[in-house]
Amino acid sequence: AATEVKSNLDVTVDEFQQSIVRHLHVSLGTDENKANSKAWWTATCAAVNELVFERATQTQKTHYKKDTRAVHYLSLEFLMGRLLKNNLTNVGLTEIAQQALDKLGLDFHKICEEEPDLALGNGGLGRLAACYVDSLATLDFPAIGYGIHYEHGLFTQAFLEGRQVERPDSWREYGNPWEICRPESVQEIPLYGYVETKYDDKGQIHKEWHPGRIIKGVPWDIPVVGYGAKTVNILRLWESRASDFFNWDVFNAGGYLDAQVENVQAETISKVLYPNDNTDAGKELRLIQQYFFCACSIKDIVRRYKRAHGDDWSKFAEQVVMQLNDTHPAIAIPEMMRILVDRAELKWDQAWTICQKVFAYTNHTLLPEALEKWSVRLFEKVLPRHLEIIYEINSRFLEDVVEVAFPGDDSVKRKLSIIEEGHEKMVRMGNLSVIGSFKVNGVAEIHSKLVKKDLFPEFNSLWPDKFTNVTNGVTPRRWLKSCNPKLSNLISEHVDADWPVHLNKLSKLADLATDSKFQKAYMQIKLENKIELAKVIKELTGVEVDPTALFDIQIKRLHEYKRQQLNLIHIMALYRRLLQNPDYDMPKRVFIFGAKAAPGYYMAKEIIYAINKVADKVNNDERIKDKLKIVFLPNYRVSLAEKMIPAADVSEQISLAGKEASGTGNMKLALNGAVTIGTLDGANIEIAEEAGEDNVVIFGLTVDEVKELKSAGYNPWDYYYANNEIKAVLDWFDCDYFTPGKPGELAEIKRSLLDYGDTYLSLADFASYSEAHKKIDKLFQDEKTWAKMAIMNTATMGKFNSDRSILDYVQNIWNLDTCDIK
Ligand code: 26V
């Protein structure tokens, strides 16, 4: 097709078709008559891999030959989603594959639907990692993503009478065509045990860790195909196994069963992704997961370095940079010290100098409950040597740095110490990350300011140059080109074909924003995307929605700070207005939600239940006819997002100001022409700057106003008594109007907004939110105005290309060169 990227992979439709059929026979051991859709999907993936693996090998060879500096992106989460369509987009073979399958009598889209999501992440942080590895490959930077090969990714969600139930996700139940096991790169990882202090002939202290267990780390590689398919980098995920070495002892002692128990324990480490988003559970297994994958990754990095440089450590920091995706991999810092001091026998100062040039840390949240702390007791049990190293890092830091800058100031020392004193001593992973890194960044302008001002003020005065910002971005290949092919084709008729890598070129569309022919074409595509989504809604929920209605979408994890409850009480207010006045002037509206709640997050689950119950009632209420519909799509995930985002008219970004670090769904929705209704929080601020104030609808308290209101003493009851609509809506929760026969079943929501203090100020922002929606209604009713706004959003989102974010990282933090792959 005219709009596909040109890659150097020359394949004809016939060749591709033959390759699929060949894989059906030789890789899957079946044939055209017996194969089901899953088999066809697997064979198609294999045909893509045949082209991609070749490039991956070439890329690794070239990086090795040129001895390139590389970034190592350490993350407990990579939310990759599906790969077939994406990889085809990036190698420029979508049309070829489509035609090849067509000729085989198969439907390309149906085959793509066979693919399970790689849901190895919770939400924003994990998806960001996936966008970043895409951009790194696209821009030809040497990079490796390191993470965990979870057997079960994020749970799948179903609703049972409106309540969330979780089931395990088994993405590799029948194998996964994208991954390759690399037994030749297995690592062995120590855990538990004790530390022995030894003295050598010269009276020098030497520490020896005698681990209580050894775990094997098995690497699985997933190719990361850059757009244009020049560079194919690797995502390396570690799976835990029992170490053979260890088991033989037990076997020989006649302990076959005990050995099997040990196997189970070892395999538990990579068994399941922790589904908490933004709350630290402090569980031993989680700490072991963190250490396990960091230790495997560092051994892998060191092995590769030594292959080129032997025992000469002087070039290590020139070749290696490790980016810590939040504090989750912070244990990599003391692990690197252990390798350098205990194993390579470098002097402490020499080792620390290297470490401080190697690590950089990204902060993704300011929420206090998400800031990781581990009890010293737990640390001592699992990682006794690392605890010693952390103490050493800390005491040197407090003496050599803090005492010099703030002589005699014990209160500053208490704040900056890695160890939090108290009835249970804790290791603060945030402080460790700041002290061990040469750069610390937030993920949007305002967030980075708050990281400096509120989270790490003393560190900031100590090292002002350490703190910086890199505003998040999203890959336009997945989040426009591949998920919204119709809009992409329209764009390509008016903008250079390389817009998927030079997203600022979309700005040319601004000239067409008031062109009525273009408006018509653009809005026609939006309508067609809404028709598609309406089908999905019908399939998943049975609810029929009118595609010409305003589609208002809130998709993100369920969390009180994100305020789905504010959205809900506003919908209830609309419902009430319609009941009171059937002629109430508003366009037909469909409110669409997608969200998973952490399984242990009680209030989040109550909010899901409440939305589902209100939806039941409203959707079946003849009196309001079809003016209002509410749908909560189950099992929100990357592949569902790809269907929802192209169909959105309005994007809900309504977190309490100061709480959402950045948001990235906000960028994807705006890029696809949704108008943001949002607070001045996270990247919303930068989106508003780019789109212009006419093309977004901003409401609510600012960060400063939130602080003022809180310090003046916020009382939600004031809003309850002052605003009739708030009162009426909240009182609705007490009766059985939405839960027939079960009065008060939704009352916890009311309690959280009144009795428990409305932590996220939903009531304070309600009036302003309601006014903002009235404004949206008016704008939407004026078709030309709305079309212009939608187009302007697409035209102005160039900044939020993750390629731009990656170039920011490269220039300000990583200092990498591109590497051409021939
Ligand atoms: C914390 C924890 C605590 C321990 C258990 C597992 C777990 C998993 C994730 C997290 C932190 C989540 C932080 C996060 O996802 N932050 C989001 O990062 C996005 C990318 O920068 C950003 O757009 C969102 O605003 C921010 O909430």
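Residues numbered from 1 in each chain as written. Predicted model: local features only at pLDDT ≥ 70, side-chain atom pairs only at ≥ 80, totals over all residues.

Operational definition: UniProt positions are given in the numbering used here, feature names are shortened, and annotations may be inferred rather than shown by experiment.
As named in an unreviewed UniProt entry, the chain is Alpha-1,4 glucan phosphorylase, taken from Catenovulum maritimum. What UniProt records for the chain under Cofactor (unreviewed entry) is the sentence "pyridoxal 5'-phosphate". What UniProt states about the chain under its Catalytic activity (unreviewed entry) heading is, verbatim, "[(1->4)-alpha-D-glucosyl](n) + phosphate = [(1->4)-alpha-D-glucosyl](n-1) + alpha-D-glucose 1-phosphate".

### Let's talk about the overall build of the chain
Basically, it comes down to this: In this text, helices come from DSSP runs of H or I with a minimum length of four residues, and strands from runs of E with a minimum of two, each type numbered from the N-terminal end. For a compact globule the rule gives 2.2 Å times the number of residues to the power 0.38, and the radius of gyration it is set against comes from C-alpha atoms. Think of it as a crowd count around each C-beta: if 20 or more other C-beta atoms lie within 10 Å the residue is buried, if 12 or fewer it is exposed, and in between it is partly exposed, with C-beta placed from the backbone throughout. Residues are scored as being in contact if the C-beta atoms we place from backbone atoms lie within 7 Å.
Secondary structure summary: the chain contains 33 helices and 25 strands in total. The C-alpha atoms of the chain give 27 Å as radius of gyration, which agrees with the globular expectation for 822 residues (28 Å, within 12%). For the chain, the C-alpha atoms occupy an extent of roughly 95 × 70 × 55 Å along the three principal directions. Looking at the chain as a whole, 51% of its 822 residues are labelled buried. Considering only contacts in the chain between residues 6 or more positions apart, those separated by 24 or more positions represent 76%.

### Things to note about the packing of helix α6 (residues 124-138) against helix α33 (residues 802-814)
Applied cut-off: Lines fitted to C-alpha atoms define the axes here, with helix axes fitted over just the stretch in contact, and angles between the N-to-C directions of these axes take values from 0 to 180 degrees. Geometric relationships in this document are graded by angle, where less than 35 degrees denotes roughly parallel, more than 145 denotes roughly antiparallel, 65 to 115 denotes roughly perpendicular, and other angles denote oblique. Gly counts as polar in this scheme, as do all residues outside two lists: the nonpolar Ala, Val, Leu, Ile, Met, Phe, Trp, Tyr, Cys and Pro, and the charged Asp, Glu, Lys and Arg.
It is at 9 Å that the axes of α6 and α33 come closest, and there the two elements cross at 75 degrees. By the criterion of interaxial angle, the relationship of α6 to α33 is roughly perpendicular. Along its contact with α6, which presents Cys 131, Tyr 132, Asp 134, Ser 135, Leu 136 and Thr 138, the element α33 presents Ser 802, Asp 803 and Ile 806. Partitioned by chemical class, the residues of the contact of α6 with α33 number 4 nonpolar, 3 polar and 2 charged.

### Points about the sheet that holds strand β23 (residues 650-653)
Rules: At least two DSSP bridges between two strands are needed for those strands to be called paired.
Read from one edge to the other, the open sheet built from 6 strands follows the order β22-β21-β20-β23-β24-β25, with strand pairing classed as parallel. On the outer flanks of this sheet lie β22 (628-633) and β25 (697-698), each paired with one strand and no other. Relative to strand β24 (residues 675-678), β23 runs parallel, the two being bridged by 4 bridges. Each bridged residue has a counterpart across the sheet, and for Gln 653 the counterpart in β24 is Gly 678.

### What about helix α12 (residues 348-358)?
Convention followed: Starting at the helix axis, one direction is taken to each C-beta atom, and the arc is that of these directions.
Within the sequence span of α12, burial applies to Ala 351, Trp 352, Cys 355 and Val 358. Mapping the buried residues of α12 onto a view down its axis gives an arc of 125 degrees, with all of them on the same face. The inward-facing, buried residues of α12 contact α10 (316-319), β13 (320-325), α11 (332-343), β14 (359-362) and α16 (429-436).

### What about the domain arrangement of the chain?
Note the following rule: Boundary definitions for the domains trace back to an automatic or database domain assignment.
Examined at the domain level, the chain breaks down into domain 1 (1-66 + 85-116), domain 2 (67-82 + 117-469) and domain 3 (506-806). Once you take the C-alpha centre of each, domain 1 and domain 2 turn out to be 34 Å apart. Of the residues lining the interface, 24 residues belong to domain 1; the matching set on domain 2 comes to 19 residues. For the side of domain 1 that touches domain 2, the element with the most residues is helix α2 (residues 37-66), which contributes 11 residues. Classifying every residue of the side of domain 1 that touches domain 2 gives 10 nonpolar, 10 polar and 4 charged.

### Focus: the site of the ligand
Inclusion rule: For each residue, a C-beta position is placed from the backbone atoms; the residue is near a molecule or strand when that point lies within 6 Å of it.
Taken together, 24 residues sit near the ligand, with Gly 124, Leu 125, His 364, Ala 661 and Ser 662 positioned nearest. Counted by class, the shell around the ligand contains 7 nonpolar, 13 polar and 4 charged residues. Here the shell around the ligand spans two domains, and each of domain 2 (67-82 + 117-469) and domain 3 (506-806) adds at least three residues to it.

### Considering the confidence of the model for the chain
Applicable threshold: One number per residue, pLDDT, summarises how confident the predictor is, and it ranges from 0 to 100.
When pLDDT is averaged across the chain, the result is 96; 99% of the residues are at 70 or more. ipTM for the predicted complex: 0.96, alongside a pTM of 0.97.

### What about helix α20 (residues 485-494)?
Every buried residue of α20 is listed here: Leu 487, Ser 488, Leu 490 and Ile 491. Viewed along the axis of α20, the buried residues span an arc of 160 degrees, placing them on a single side of the element. Where α20 is buried, its residues contact α19 (476-482) and α21 (516-541).

### So, the pairing of β23
Which entries qualify depends on this criterion: Classification remark: right-handed applies to a crossover when, strands pointing away from the viewer, the course from the first strand over the helix to the second runs clockwise.
Side chains Val 650 and Glu 652 of β23 all project onto a buried face; the interleaved residues Ser 651 and Gln 653 project onto the opposite face, where all are buried too. Pairing analysis gives 2 bridges linking strand β20 (residues 550-555) to β23, with the strands arranged parallel. Within β23, the residue paired with Ile 553 across the bridge is Ser 651. Handedness of the β-α-β unit built from β23, helix α25 (residues 665-671) and β24 comes out right-handed.

### Digging into the sheet that holds strand β16 (residues 419-420)
Spatial ordering of the open sheet is given by β15-β17-β16, a layout of 3 strands whose pairing is antiparallel. Strands with a single pairing partner mark the edges of an open sheet, and in this sheet they are β15 (373-375) and β16. In this sheet, strand β17 (residues 426-428) lies alongside β16 in antiparallel orientation, the contact comprising 2 bridges. Residue pairing in the sheet places Glu 420 in a bridge with Met 426 of β17.

### Looking at the environment of Tyr 146
With respect to the secondary-structure elements, Tyr 146 resides in strand β4 (residues 143-148). Here the alpha-carbon distance between Tyr 146 and Glu 77, two residues 69 residues apart in the chain, equals 9.1 Å. Ignoring anything within four residues of it in the chain, the contact list for Tyr 146 reads His 72, Tyr 73, Leu 74, Arg 236, Phe 293 and Ser 297.

### Let's talk about the UniProt feature "modified residue: N6-(pyridoxal phosphate)lysine" (unreviewed entry) in the chain
Residues annotated in UniProt with the feature "modified residue: N6-(pyridoxal phosphate)lysine" (unreviewed entry) correspond here to Lys 668. Its 30 C-beta neighbours within 10 Å are what place Lys 668 among the buried residues.

### Regarding the packing of α2 against helix α3 (residues 84-91)
So the rule is basically this: The sense of a crossing depends on the near helix, which, turned anticlockwise from the far helix by less than a right angle, makes the crossing left-handed and, turned clockwise, makes it right-handed.
Following both chains from N to C, one finds α2 and α3 inclined at 40 degrees, their axes separated by 11 Å at the closest point. Regarding the angle of α2 to α3, the classification is oblique. Considering only the axes of α2 and α3, their crossing is left-handed. Taken together, the residues of α3 that come into contact with α2 (itself represented by Thr 44, Cys 45, Val 48, Leu 51 and Val 52) are Leu 84, Asn 87, Leu 88 and Val 91.

### With respect to the pairing of strand β1 (residues 70-74)
In terms of burial, β1 is largely enclosed, as 5 of its 5 residues are buried. Of the two faces of β1, the one lined by Ala 70, His 72 and Leu 74 and the one lined by Val 71 and Tyr 73 are each fully buried. With 5 bridges joining them, β1 and β13 adopt parallel strand pairing. For Ala 70, the partnering residue across the bridge sits in β13 and is Val 320. With 4 bridges joining them, β1 and β4 adopt parallel strand pairing. Within the sheet, the bridge partner assigned to Tyr 73 lies in β4 and is Gly 145.

### Some points on the environment of Lys 799
The topology assignment puts Lys 799 in the loop between α32 (783-795) and α33. Between the C-alpha atoms of Lys 799 and Met 667, which are 132 residues apart in sequence, the distance is 9.5 Å. If we ignore the near neighbours within four places in the chain, the residues touching Lys 799 are Glu 686, Glu 690 and Arg 804.

### Digging into the environment of Lys 742
Examined against the element boundaries, Lys 742 turns out to sit in the loop between α29 (724-732) and α30 (747-753). Among the residues examined, Lys 742 registers 10 C-beta atoms within 10 Å and is labelled exposed.

### Looking at unusual backbone geometry
Even without glycine at this site, Asp 326 takes up a positive phi of about 70 degrees. Inspection of the secondary structure puts Asp 326 in the loop between β13 and α11. In this structure Asp 326 comes out as buried when scored by C-beta crowding, with 22 C-beta atoms within 10 Å.

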